[in-house]
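For reference, the chains in residue letters:
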Amino acid sequence: MKRILTALVLIPLFLGSLLAPHPGFFGAFVGVAVLLAGWELGRIAQATEMEPFRKTLALLGAAFLLPVAWPDVFTVDEVLAAGLLILLILGLFRRAGLGKTLVSVSVTLFGAL
């Protein structure tokens, strides 16, 4: 039932953003969808006893849209390198073993990709 209600809300928003006169509406819709998908993937991974960096996963997923929006300013390589660096720094402050921290970093990075 919850998925049906979500679809009833999101389908008109998707069609409205697709048919809008300015392409920024569709870009904003995709950005919000990526944030929500990243957050949901983090929640699913947490349910399997992995501990991804949920907020970072959602934001990094959205950051991968930057090279699409501004290809002259950002590249995918730069976003990937910055994301990996941020995740490794966050991993230093996590109070968990090395193995669990590397799993968290991996799930977060590949989830964002």
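Per chain, residue numbering runs from 1 following the sequence as it is written. For this predicted model, a pLDDT threshold of at least 70 governs which residues receive local features, and a threshold of 80 or more governs which side-chain atom pairs are given and counted, while totals over whole chains, interfaces and linings are taken from all residues. Side-chain calculation: all heavy atoms of the structure are included, whereas hydrogens and water are not.

Asker: Help me out: how do you make sense of the nonpolar core in this one?
Answerer: Soluble, globular proteins show a tendency: their nonpolar side chains are buried together. F53, L60, A63, F64, V79, L87, V105, L109 and A112 form the largest nonpolar core, which has 9 residues in total. Under the DSSP-based scheme used, a helix requires at least four consecutive residues in state H or I and a strand at least two consecutive residues in state E, with every element numbered from the N terminus. Listing elements by their share of this core, those giving two or more residues are α3 (54-63), α5 (76-93) and α6 (98-112). Among the elements that line this core, the one with the most residues is α6, at 3 residues. As used in this record, nonpolar core signifies buried Ala, Val, Leu, Ile, Met, Phe, Trp, Tyr and Cys residues forming a set joined through side-chain atoms within 4.5 Å. Burial status follows relative accessibility: with a 1.4 Å probe on protein chains alone, a residue under 20% of its type maximum counts as buried, one over 50% as exposed, and anything between as partly exposed.

Asker: Could you clarify how one ought to interpret a nonpolar patch on the surface in this entry?
Answerer: Together, I11, F14, L15, L18, L19 and F26 give the surface a local cluster of nonpolar side chains, amounting to about 570 Å² of exposed area. Here the element with the most residues in the nonpolar patch is helix α1 (residues 2-19); it accounts for 5 residues. By the secondary structure assignment, F14 is in helix α1. To count toward a patch, a residue needs a relative accessible area over 30% and no salt bridge; like charges are then connected within 9 Å, while nonpolar side chains (Val, Leu, Ile, Met, Phe, Trp, Tyr) are connected within 5 Å. Per-residue and other accessible areas were derived by the Shrake-Rupley procedure at a 1.4 Å probe size, with only the shown protein chains allowed to occlude residues. Just to be clear on terms, a salt bridge is a Lys or Arg side-chain nitrogen sitting within 4 Å of an Asp or Glu carboxyl oxygen.

Asker: Is there a simple way to think about the pattern of salt bridges in this case?
Answerer: In a structure, side chains of opposite charge can pair up when their charged atoms sit close to one another. Going through the model one piece at a time under the given rule, you end up with 2 salt bridges. Put simply, R43 and E40 hold a salt bridge, and the shortest N to O gap is 2.6 Å. Here the residue R43 and the residue E40 both occupy positions in helix α2 (residues 23-47), the gap between them amounting to 3 residues, near one helical turn. A residue is classified by how much of its surface remains accessible, and R43, at 42% relative accessible area, is partly exposed. By relative accessible area, which is 33% here, E40 ends up partly exposed. One salt bridge connects E51 with K100, and the closest N-O pair in it is separated by 3.4 Å.

Asker: Can you help me understand the confidence of the model for the chain in this one?
Answerer: Keep in mind that low pLDDT regions are not for reading the predicted coordinates in detail. On a range of 0 to 100, pLDDT expresses the predictor's confidence in each residue. Scored by pLDDT, the chain comes out at a mean of 85, with 100% of its residues at no less than 70. Of all the helices and strands in the chain, α1 carries the lowest mean pLDDT, 82, while α5 carries the highest, 91.

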